[in-house]
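# Coordinate inspection notes
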Amino acid sequence: MAQQPAASTAGDLLAIAVRIARDAAETARRMRAEAITDVQTKSTDTDVVTAADRAVERQVVEALRRERPDDGVLGEEYGDSAAPAPGAVRWILDPIDGTVNYLYGLPQYAVSLAAEVDGVVLAGVVRNAATGDEWTATRGGGAWRDGRRLTGSARGTLDQALVATGFGYDAARRAHQGTVLAGLITQVRDIRRFGAASLDLCLAAEGAVDAYFEKGLNPWDHAAGGLVATEAGLTVAGLHGEPAGDRMLVAAPPALFGALHDVLAKLDASGGP
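Computed from a predicted structure; not experimentally measured.

It is the contact of helix H5 (residues 197-206) with helix H6 (residues 219-231), at a shortest axis distance of 8 Å, that shows an interaxial angle of 5°. By the criterion of interaxial angle, the relationship of H5 to H6 is roughly parallel. Only Asp 221, His 222, Gly 225, Gly 226, Val 228 and Ala 229 of H6 make contact with H5, whose side of the interface consists of Ala 197, Ser 198, Leu 201, Cys 202 and Ala 205. Tallied by class, the residues present in the contact of H5 with H6 amount to 6 nonpolar, 4 polar and 1 charged.

Here it is, written out as structure tokens:
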């Protein structure tokens, strides 16, 4: 059995995450043709999971077990391993973020892998399995893509902002989110919906969109991408002083965050089912 390091820096953890995520992304890409013939549903009929989601998660977990057998793992498909001891590493994995895109062959689906210690994400990687685009970050070390440090959008007014968002799978939640969107769309430049939260956060980090918000995210949806956005200088938080989480995540440059926050709060974006 591999020897567990006594301690690891954020850079060490990122190197492991990048290597494993790249292999996992290649598996997802290679499996797509066969995986979309084995599709099941989870919370609703629109919440799909493919054979590749499960295969990629198993691959990543096995790779982490070989290299770091004492670490915890939280994955979307198979849940949480035993809670890690204080100071120990827990890996947070979304094997294929954007499964509906994957099912339809749309090139926005990603492997997202982050390393967390005591609830703080220290390192993360998001790799678009369809295109090979990759975003990385370490706590205090900045966010990067292809050797370029990311600094987010320079947009300063909400009415000129391109804002990304996403929707839940439950019909009642979607209805509430649609009402929020109807109230927001007249106050921004436009809305984009790409279908993969990790990629949305990375696009906000590099300024390809100006901001992003979504209700109902799970830890694996935003652990790595949230760190990328934070390290790019974005404010990543919930509404009314709450931390980013399942009730709401807003990611925006400081110049936009307040205005977007206030509009979303007025529209009760974190409310509803």
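Time to look at the side chain of Glu 206. Turning to its location among the elements, Glu 206 is positioned in helix H5. Reaching out from Glu 206, the side chain makes a polar contact with the side chain of Trp 135 at a distance of 2.8 Å. The residues touching Glu 206, leaving out its near neighbours within four places in the chain, are Trp 135, Arg 145, Arg 148, Leu 150 and Gly 152.

Okay, the layout of surface pockets next. Volume-wise, the second largest pocket comes out at about 320 Å³. Forming the walls of the second largest pocket are 17 residues, and the residues nearest its centre are Val 121, Arg 139, His 222, Ala 223 and Ala 244. Breaking the lining of the second largest pocket down by element, the ones donating at least two residues are strand E5 (89-97), H6 and strand E14 (235-237). Residue contributions to the lining of the second largest pocket peak at 6 residues, all from H6. By residue class, the composition of the lining of the second largest pocket is 10 nonpolar, 4 polar and 3 charged.

Turning our attention to the sheet that holds E14. Read from one edge of the open sheet, 5 strands run E12-E11-E13-E15-E14, paired in mixed fashion. Edge strands, defined here as strands with exactly one partner in the open sheet, are strand E12 (190-192) and E14. The sheet shows a mean angle of 15° between the axes of neighbouring strands, taken without regard to direction. Sheet topology places E14 next to strand E15 (residues 249-252); 3 bridges connect them, and they run antiparallel. From the neighbouring strand, Val 236 faces E15, where its bridge partner is Ala 251.

Now for helix H7 (residues 254-266). For H7, built from 13 residues, the straight-helix expectation of 18 Å at 1.5 Å per residue is met to within 8% by its first-to-last C-alpha distance of 19 Å. For H7, every residue scored as buried is listed here: Leu 256, Phe 257, Leu 260, His 261, Val 263 and Leu 264. Of the residues flanking the end of H7, it is Asp 268, one or two places downstream, whose phi is positive at about 55°.

Basis of the calculations
Residues numbered from 1 in each chain as written. Predicted model: local features only at pLDDT ≥ 70, side-chain atom pairs only at ≥ 80, totals over all residues. Heavy atoms only, no water. Axes fitted to C-alpha atoms, helices over the stretch in contact; angles between N-to-C directions. Helix = DSSP H or I, 4+ residues; strand = E, 2+ residues; numbered from the N terminus. Parallel < 35°, antiparallel > 145°, perpendicular 65-115°, else oblique. Contact = heavy atoms within 4.5 Å. Nonpolar A, V, L, I, M, F, W, Y, C, P; charged D, E, K, R; others polar. Polar contact = N/O pair within 3.5 Å; in protein donor to acceptor, adjacent residues only side chain to side chain. 1 Å grid on protein atoms, 1.4 Å probe; cavity = no way out; pocket = protein on both sides within 12 Å on 5 of 7 lines; lining within 4 Å. Points joined across faces, edges and corners; volume = space filled by probe spheres on them. Pairing = 2+ DSSP bridges. Expected span 1.5 Å × (residues − 1). Buried < 20%, exposed > 50% of the residue type's maximum accessible area, 1.4 Å probe, protein only.

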